[in-house]
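Architecture and fold: a report
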Amino acid sequence: IMQRTQAGEVVIVPRNFKLLEELEASEKGTGDMAISFGLVDPGDTFLTNWNGGILGPPGAQHDGRFYELRMHCQDKYPAVPPEVRFVSRINMTCVDQKTGLIIHSKLPATKNWNRNMGLEEILTSIRSEMSSDSNRRLRQPAEGLTF
């Protein structure tokens, strides 16, 4: 996160401070209730591997489905977006159909990434894409399948 001091100086918040802030926000459940995220291993002091969940939006093929994802925040996060991979099988234009990885150039949040964004913005962007013209009518694999 970049923050400005009263004197107008730009301060770059370190990776772990940003991730701790995100973890705290997710645990409090202050954001969009249709998405969730948290650490894979609560003992992960480097805050690297995260679980994510998205409840499919109404009015799309994804309505009522719950999708599981994994997010990997490498050392350069938040300067670069995390690697995001669907565990649940899904058919979307921004998802590699062999690996389940999000294609950064095809998802608005990762395509337009800046260090003030975070995991919540990525999950929200994916959920929005589920309702987009190019995704909402795509046939989906049977529920319960994984990559």
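Rules behind the numbers
Residues numbered from 1 in each chain as written. Predicted model: local features only at pLDDT ≥ 70, side-chain atom pairs only at ≥ 80, totals over all residues. Heavy atoms only, no water. Helix = DSSP H or I, 4+ residues; strand = E, 2+ residues; numbered from the N terminus. Rg over C-alpha atoms; globule rule 2.2 N^0.38 Å. Buried < 20%, exposed > 50% of the residue type's maximum accessible area, 1.4 Å probe, protein only. Areas by Shrake-Rupley, 256 points an atom, 1.4 Å probe, with all protein chains shown as cover. Lys, Arg positive; Asp, Glu negative; His and termini not counted. Charge placed at Lys NZ, Arg CZ, Asp CG, Glu CD. Phe/Tyr/Trp six-rings, centres within 6.5 Å; stacked < 30°, edge-to-face > 60°. Expected span 1.5 Å × (residues − 1). Salt bridge = Lys/Arg side-chain N within 4 Å of Asp/Glu carboxyl O. Arc of directions from axis to C-beta. Pairing = 2+ DSSP bridges.

**Regarding the overall build of the protein**
- The secondary structure content of the protein amounts to three helices and six strands.
- Each helix and strand of the protein, placed in order from N terminus to C terminus, yields the pattern β-β-α-β-β-β-β-α-α.
- Relative to the 2.2 N^0.38 estimate, which gives 15 Å for 147 residues, the radius of gyration of the protein is 16 Å and therefore close to what a compact globule would have.
- Every one of the 147 residues in the protein was classed for burial, and the buried ones make up 42%.
- As displayed, the protein offers around 8,200 Å² of accessible surface, 52% of which is attributable to carbon and sulfur atoms.
- Averaged over its 17 positive side-chain charges, the protein has a centre that lies 8 Å from the centre of its 18 negative ones.

**Considerations on the packing of aromatic side chains**
- Within the structure shown, the criterion is met by three aromatic pairs.
- The interplanar angle of 85° and the centroid separation of 6.1 Å between the aromatic rings of Tyr-67 and Phe-86 together place this pair among those described as edge-to-face. In this pair, Tyr-67 sits in strand E5 (residues 66–72) while Phe-86 sits in strand E6 (residues 83–86), placing the two residues 19 residues apart along the sequence. When sorted by exposure, Tyr-67 lands in the same class as Phe-86, which is buried.

**Remarks on helix H3 (residues 119–130)**
- For H3, built from twelve residues, the straight-helix expectation of 16 Å at 1.5 Å per residue is met to within 8% by its first-to-last C-alpha distance of 17 Å.
- The set of residues buried in H3 consists of Leu-119, Ile-122, Leu-123, Ser-125, Ile-126, Arg-127, Glu-129 and Met-130.

**Topic: the pattern of salt bridges**
- A complete count under the given rule lists four salt bridges for this structure.
- Note that Lys-18 is salt-bridged to Glu-22, the shortest N-O span being 3.3 Å. With Lys-18 and Glu-22 both in helix H1 (residues 15–28), this residue pair falls four residues apart, about one helical turn.
- The class for Lys-18 is buried, based on a relative accessible area of 5%.
- The shortest N-O distance in the salt bridge between Lys-28 and Glu-24 comes to 3.3 Å.

**What to know about H1**
- Spanning 14 residues, H1 covers 20 Å between terminal C-alpha atoms, matching the ideal 20 Å at 1.5 Å per step.
- What H1 keeps buried is the set Arg-15, Lys-18, Leu-19, Glu-22, Leu-23 and Ser-26. Buried residues of H1, seen end-on, are gathered within an arc of 135° and therefore sit on one face of the element. Exposed and facing more than 90 degrees away from the buried side of H1 are Phe-17, Glu-27 and Lys-28.

**Here's the deal with the pairing of E5**
- Of the two faces of E5, the one holding Tyr-67, Leu-69 and Met-71 is buried and the one holding Phe-66, Glu-68, Arg-70 and His-72 is not buried anywhere.
- Alignment of strand E4 (residues 49–55) against E5, held across seven bridges, turns out to be antiparallel. Bridge pairing in E5 links Asn-51 to Arg-70.
- Taken together, the four bridges between E5 and E6 define a ladder with antiparallel strand orientation. From the neighbouring strand, Leu-69 faces E6, where its bridge partner is Phe-86.

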